[in-house]
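# Report on the structure
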Amino acid sequence: AANQRKTVTFHYRPLHKTTYMERKLNPFHIICQRGNWYVIGWCHYSQEVRIFSFSRITNFKSTAESFVLPEDFCLHDHIDTDVGVWVTKKDPFTVKLLFSPAVGTFASEHQWHEQQTVEVQDNGSVMVTFATTQMQEVKRWVLGQGTTVTVLEPPELIQEIKEDIQKLGKLYGIGEEK
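We now turn to the structure provided with this report. Keep in mind that this is a model prediction, so the values were computed, not measured. (Residues numbered from 1 in each chain as written. Predicted model: local features only at pLDDT ≥ 70, side-chain atom pairs only at ≥ 80, totals over all residues. Heavy atoms only, no water.)

## Description of the overall build of the chain
Just so we agree on the cut-off: Only DSSP runs of H or I covering at least 4 residues are called helices, and only runs of E covering at least 2 are called strands; the numbering of each starts at the N terminus. Each radius of gyration is computed over the set of C-alpha atoms, and the globule rule expresses the reference value as 2.2 Å times the number of residues to the power 0.38. Accessible area is worked out with a 1.4 Å probe on protein chains only. A residue is then buried under 20% of its type maximum, exposed over 50%, and partly exposed in between. By the convention used here, residues are in contact when the closest approach between their heavy atoms is within 4.5 Å. Surface accessibility in these figures is a Shrake-Rupley result with a 1.4 Å probe; residues are shielded only by whichever protein chains are displayed.
Helix and strand counts for the chain stand at 3 helices and 9 strands. Traced from its N-terminal end to its C-terminal end, the chain shows the element sequence β-β-β-β-β-β-α-β-β-α-β-α. Taking 178 residues into account, the globule formula puts the C-alpha radius of gyration at 16 Å, and the chain, at 20 Å, lies well above it. Along the first, second and third principal axes, the C-alpha atoms of the chain reach 60 × 45 × 25 Å. Split into buried and exposed, the 178 residues of the chain put 36% on the buried side. Considering only residue pairs separated by 6 or more positions, the chain has 56% of its internal contacts joining residues 24 or more positions apart. When the accessible area of the chain is evaluated, it comes to approximately 11200 Å², of which 51% is carbon and sulfur surface.

This is the structure we're talking about:
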């Protein structure tokens, strides 16, 4: 359907819902990101470009209705293939991460982002900087690194991580009297 520029219909279960919703889409592009397949296109329901996960699509049907790919459609306005497909910011922001000396060698050898800069510090820690639009994906990834990485920029990401850590503390009873 994407190659033939045919509109499709399907039922879709959004991430935070348990029920399916009917959707009509002009599929612009199909992408596999970290082993998961997604379709990006014009959603007739929301009247904007949206990204849909194949794993949450059922009752998929191609229609006879054709569409023209917009001349101004640019895939990288909607995803950052190095970080993720869920754009949370329209304009790229700079992420600055400081990896501890304990994982410094790994951090300096790893490509976190195609356009990253890497600076090895005298103490063995490693500073990695890159631009992305993927606030939520970066946050999830940073939280998964535990105490081996510190976010230095942007302030908004630092604040979101602090809030999540507070929620985790409450979830596990940290700071509560016994």
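Don't stop here, the text continues.
## Overview of the sheet that holds strand β4 (residues 48–53)
Strand pairing in a sheet is mediated by backbone hydrogen bonds. Such pairs are either parallel or antiparallel. Let me state the cut-off plainly: For two strands to be treated as a pair, DSSP must find no fewer than two bridges joining them. The angle between two axes is taken between their N-to-C directions and runs from 0 to 180 degrees, where each axis is a line fitted to C-alpha atoms and a helix contributes only its stretch in contact.
The antiparallel open sheet is built from 5 strands, whose spatial order is β4-β3-β2-β1-β5. Whereas interior strands pair on both sides, the edge strands pair on one side only; in this sheet they are β4 and β5 (57–66). Between one strand axis and the next, the sheet turns by 45° as a mean value, whatever way the strands run. Summarising the sheet, strand β1 (residues 6–12) and strand β2 (residues 21–33) pair through 5 bridges and their orientation is antiparallel. Among the inter-strand pairings, V8 is bridged to a residue of β2, identified as L25.

## Regarding the sheet that holds strand β6 (residues 93–99)
A sheet is described by the order of its strands in space; here 4 strands give the open sequence β7-β8-β6-β9, paired in antiparallel fashion. The outermost strands of the open sheet, each flanked by one partner alone, are β7 (117–120) and β9 (149–153). Along the sheet, successive strands turn relative to each other by an average axial angle of 20°, direction set aside. With 4 bridges connecting them, β6 and β9 associate as antiparallel partners. Opposite F99, over in β9, you have V149 as the bridge partner.

## A few points about the environment of K6
For clarity, the threshold we go by: Identification of polar contacts relies on pairs of N or O atoms within 3.5 Å, with a donor-acceptor requirement for protein atoms, meaning one able to donate a hydrogen and the other able to accept it, and with residues adjacent in sequence counted only if both atoms are side-chain atoms.
Summarising the element assignment, K6 is placed in strand β1. For K6, a relative accessible area of 22% gives the class partly exposed. Dropping the residues within four chain positions of it, K6 is found in contact with A1, P27, S62, T63, A64, E65, S66 and F67. Polar side-chain contacts of K6 include one of 3.0 Å to the side chain of S66.

## A short note on helix α3 (residues 155–171)
Under the convention used in this document: Helix span is expected to be 1.5 Å times the residue number reduced by one.
Across its 17 residues, α3 extends 24 Å between first and last C-alpha, which sits within 8% of the 24 Å expected from 1.5 Å per residue. Buried residues belonging to α3 abut α2 (135–144) and β9. In the stretch just after α3, G173 is the one whose phi turns positive, near 75°.

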